[in-house]
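Per-entry structural report
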Amino acid sequence: MKSPLFLKPLLAGLFFAVASAWPAFASGPAGSAPPIPRLERVGNQYHLLVDGKPFLILGGQAHNSSASNPKDLEPVWRSLQALHANTAEVPLYWELMEPKPGQFDYRLMDAAIEGARTHSLRLVFLWFATWKNGGMDYAPAWVKENPQKYFHVLNDVGQPMDILSPFCRACRQADADAFAHVMAHLKREDAAHRTVIMIQVENETGLLGTERDYSPEANRRFRGLVPAALMNYLQSHRATLAPSLRAAWQAAGQRASGTWPQVFGRMADEAFSAWYVARYVDAVAAAGQRAYPLPMYVNNWLINPGNVRPGDWPSGGPTRHVLDIWKAAAPHINLLAPDIYLPEFEQICEAYARPDNPLFVPETRFSPSYAAYAYLALGKFNALGFSPFGIDHAVEDGKLTARAAPLADTYRILRPLLPLIERFQYSDKLFPVIQNVDWAQVLRVGHGLAAVVTFPQPYTLNGPWGRGILIELSPRDYIVAGTGFHVSFREQHGPRQRAPLLSIDQGTFQDGHWVFRRRLNGDERHIFLPPNRGRILRVRLLP
Ligand code: DGJ
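The following paragraphs examine the structure supplied in this document. Bear in mind that the values here come from a model prediction, so they are computed numbers and not experimental data.

Conventions adopted
Residues numbered from 1 in each chain as written. Predicted model: local features only at pLDDT ≥ 70, side-chain atom pairs only at ≥ 80, totals over all residues. Heavy atoms only, no water. Helix = DSSP H or I, 4+ residues; strand = E, 2+ residues; numbered from the N terminus. Expected span 1.5 Å × (residues − 1). Buried < 20%, exposed > 50% of the residue type's maximum accessible area, 1.4 Å probe, protein only. Pairing = 2+ DSSP bridges. Axes fitted to C-alpha atoms, helices over the stretch in contact; angles between N-to-C directions. Contact = heavy atoms within 4.5 Å. Parallel < 35°, antiparallel > 145°, perpendicular 65-115°, else oblique. Left-handed = near helix turned anticlockwise from the far one by under 90°. Nonpolar A, V, L, I, M, F, W, Y, C, P; charged D, E, K, R; others polar.

1. Observations concerning helix α6 (residues 169–190)
Helix length check: α6, at 22 residues, gives a terminal C-alpha distance of 31 Å against a target of 32 Å (1.5 Å per residue), a fit within 8%. Among the residues making up α6, those that are buried are Cys171, Ala174, Asp175, Ala176, Ala178, Phe179, Val182, Met183, His185, Leu186 and Asp190.

2. Things to note about the sheet that holds strand β23 (residues 513–519)
The antiparallel open sheet is built from six strands, whose spatial order is β16-β19-β20-β25-β22-β23. Of all the strands in the sheet, the pair left with one neighbour each is β16 (430–434) and β23. Taken over all neighbouring pairs, the strand axes of this sheet differ in orientation by 30° on average, direction set aside. Bridge analysis of strand β19 (residues 467–474) against strand β20 (residues 477–483) gives seven bridges, and the strand direction is antiparallel. Residue pairing across strands places arginine 467 opposite threonine 483, the latter belonging to β20. Its contacts with the sheet place helix α14 (residues 373–380) against β16, β19 and β20, and it is angled at close to 160° to β16. Of the strands in this sheet, β16, β19, β20, β22 (501–510) and β25 (535–541) touch helix α15 (residues 405–424), which is tilted by about 25° from β19.

3. Focus: α14
Most of α14 is tucked away, with seven of its eight residues classed as buried. In the stretch just after α14, asparagine 382 is the one whose phi turns positive, near 55°.

4. Let's talk about the packing of helix α2 (residues 70–82) against helix α4 (residues 107–118)
Following both chains from N to C, one finds α2 and α4 inclined at 25°, their axes separated by 10 Å at the closest point. It follows from the interaxial angle that α2 and α4 lie roughly parallel. Between α2 and α4 the crossing geometry is right-handed. For the pair formed by α2 and α4, the contact residues are Pro70, Leu73 and Trp77 on the first element and Leu108, Ala111, Ala112, Gly115 and Ala116 on the second. Classifying every residue of the contact of α2 with α4 gives seven nonpolar, one polar and no charged.

5. Side note on the sheet that holds strand β21 (residues 485–491)
On the basis of which strands lie adjacent, the open sheet formed by four strands has the order β17-β18-β21-β24 and antiparallel pairing. This sheet does not close on itself; its edge strands, each paired only once, are β17 (440–443) and β24 (527–529). On average, each strand axis in the sheet is inclined to that of its neighbour by 25°, with strand direction left out of account. Direction of pairing for strand β18 (residues 449–454) relative to β21: antiparallel, over a ladder of six bridges. Across the sheet, residue valine 453 finds its bridge partner in β21, namely valine 487.

No statement about biological role is implied by the geometric values presented.
Below, the structure is given as C-alpha cells:
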C-alpha cells in the first residue's frame, strides 16, 4: 500500500493535485467492519494503519487510578477534547478485572470504550498486570496472597521482593490467561468499531531494586548457557546492536556461547533480566494476540541521572542497553517505547527510533515546554504518536489550564496537518522548530534555501517554547506552522539575499487539502507565528 521511498516526494506532490486521493483507500466494502488496526512495515518505514489508513496518535494518558471509576474518566474525556487529542491512553487493571481466578468483570473496560466512542476518541489500553513500574501492585489479591504458587523475585540476600518472578510459570500463565480473556472480550465488543487501536502490555517492566532475580531457578539459569536463540540473534545483528551492548559483549571476548557472565561480562545481570522479562511478556502478548491481534508495545522506565546500576531502574525493562535482547526475545511485541520525562528528549528518541523499532512516545511530561516535542517526535523521528501523562485536569472551571494551553495549541495546529506529516515522514521534507537557548536557528531546507528562525520571546527553561514545523510541499512552496517564531527564507549561495516572497496565506488543511483563510500582505507581510496562539501559513517563494 505504501510507496517506495524514492517515489515519496513525487507522490506527495501528487497528493495536492489529486484532491480525493487521501480517503480513497479508507474502508472496505460499504457496511463491512473496518480492518483491524495493524502496524505496517515497508522496508524500514512503519505506519500504524487504523481503518486501513495511516494514523498518527496525538494522545494523552489518564492518571493511574482514573479508570477504576467511569466517573473519573469524565474529566479525561473533556480534557482530551479540549486538547484536540485524537486518542486516549487508559489503564486496565488485572486486579479489578479478575477479582477471583477465572471470573472476569469487564464493566470498567466497556465503560472506557463507550466513553471514548462518545467523545470521538480512539483508545490505547494499558494492561497493568504482572508489572507496574517495576513492581507487582496490580496483581490480583489471590495472586498476592499465594506467594508459594505465585512466587516472588528474591534479592541478592535471599529476601522476597514485591515483584513476581519472571521465572514463575504459574504467574505467567495466570497473566497470559487473563490477558487472553480481556482481548477476546475486546474483540467481541470492538471488532465492528475498532475504537481500540493498540495495547500496551504491562507497564514499565523490570525488577526495581535488584539487578536480577536470585531465586533458585534464576540462579541455575544464570549459571547456565545463554540461550542459542539469543546468541544467534547477536551474531546475525552484530552490526546494528546498541553500542553499549556490543561494547559489553566485545569486552567479554565476543564469545559465540557461554554463561551470562561469560558472554555479557559487566552487563550480565541486566542482559539476563531483560531476556527473561521479555520472554515472559512475550508469552502474555502472544496469548492476547491469539484472541485479538492488535498492535502491542512495551513501555520503558528510562535510566535516570544519578542511577548507578540496574535495579536503580527496573532491571530488564527495555532500556537502550538491551533493546536488541528484547527484539530477540519478544517477537509478539511490535515496538519498545520510552517514557520520556528527562530533558534529553532528542537523544532518547534517537536511541529508540531504529530501523527495527518505530518510535512511539506513550508517556511524556505534561508541561508547557514538552508540548513542543510533539513536533520533534513526529517531524524528525517519524513517531507513530506522542502522549503526555496525567492529562485528566487540563480543563478546570470550563477553561484550559496554563499548564495545558501549549499542548492544546500544539495539537490544534497538528491535527489538520497529520495526513500531510504522515505522508512526508521518512523523507527530507519535514523540519521541526523547537526553541532552545539560541535566539536564532538555521534550518537548511532543500534547494539551496535556508529558513532562519527567530523567537520573539526569550527562552525559559519551563517554557512554553516557540515550536512548530516547516513542511516542504515543493521547492518554493512551504507550510510554516506553529507558535512563537518568525521565519525568513534566505539563499544559501550566490547573492546574500532573502529569497523573494510570492505570497503568505493563512489557512488550514481539511482531509489533506489546503483551505485558504486569508492573505497576509502589506503590514502583515511577515512569516510570523504569534506566541500563545499558533497558526498555519502557506508560504510561496518566487523561483
Ligand atoms: C511512569 C508510569 O508508567 C506511569 O504509570 C506513572 O506512574 C508515571 N510514571 C508517574 O509519573
